[in-house]
Every structure is written in structure tokens, then in C-alpha cells.
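Per-entry structural report
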Amino acid sequence: MNKAELASMLRRFIGDEANRDDWEWDDFVSVRAEPDLEPYRLRLMKDVHPHLGKKDMAEQVEAILRNTIKELEDTA
């Protein structure tokens, strides 16, 4: 997986792209990523993963994911 592919996966997760795999997020957070993507994985695990499914955190989670997508695309 590269930065563009990770950005695409995050877009699928928030519903901006179709064909989301139900296990895609779990696979991403469960397995160490490539060295250049590992900091993103760790940050998303800390900032997003504990809040998934909590309606009161939905906007914050989406904002974090969108900011991460932008960062990935800007540095790809």
C-alpha cells in the first residue's frame, strides 16, 4: 500500500468512494504498515479507532480522516 492507496481507503471508509471492504479498516489497524505509512496508522489508531461507532464523535472522526487524506495526497 502506498500513500495514494491509503488515501483512497480512507475515502471509502467515510463514504466518498464506493466498494468499501467491511474488513479494510480492521486489516489496516491490525497489521503494521509500510515504514512510510506506519506513522499514519499509529496516529489513526490513537485518534480515530477508539471513537468509531460513537455518534457524538462522528464529525470529529470524519474531520481527522479528511485531514489525513489531504496530508497523504499532499505528500504522495
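Structure first, text after, so check above.
So, a few notes on the structure that sits alongside this text. (Residues numbered from 1 in each chain as written. Predicted model: local features only at pLDDT ≥ 70, side-chain atom pairs only at ≥ 80, totals over all residues. Heavy atoms only, no water.)

**What to know about helix α1 (residues 3-13)**
- The element α1 is largely enclosed, with a buried count of eight among its 11 residues.
- Taken as a whole, α1 has its buried residues at Lys3, Leu6, Ala7, Ser8, Met9, Leu10, Arg11 and Arg12.
- Here the buried face of α1 lies against α2 (24-30), α3 (38-47) and α4 (58-75).
- Backbone geometry just after α1 places Gly15 at a positive phi near 90°. (Buried < 20%, exposed > 50% of the residue type's maximum accessible area, 1.4 Å probe, protein only. Helix = DSSP H or I, 4+ residues; strand = E, 2+ residues; numbered from the N terminus. Contact = heavy atoms within 4.5 Å.)

**Some words on the packing of aromatic side chains**
- This model, assessed by the stated rule, comprises two aromatic pairs.
- Ring geometry for Trp25 against Phe28: centres 6.1 Å apart, planes inclined by 55°, an arrangement best described as tilted. Of this pair, Trp25 and Phe28 both sit in helix α2, three residues apart, which is roughly one turn of the helix.
- The exposure class of Trp25 is buried, given its relative accessible area of 7%.
- Joined through ring pairs, the aromatic side chains of Phe13, Trp25 and Phe28 make up one cluster. (Phe/Tyr/Trp six-rings, centres within 6.5 Å; stacked < 30°, edge-to-face > 60°.)

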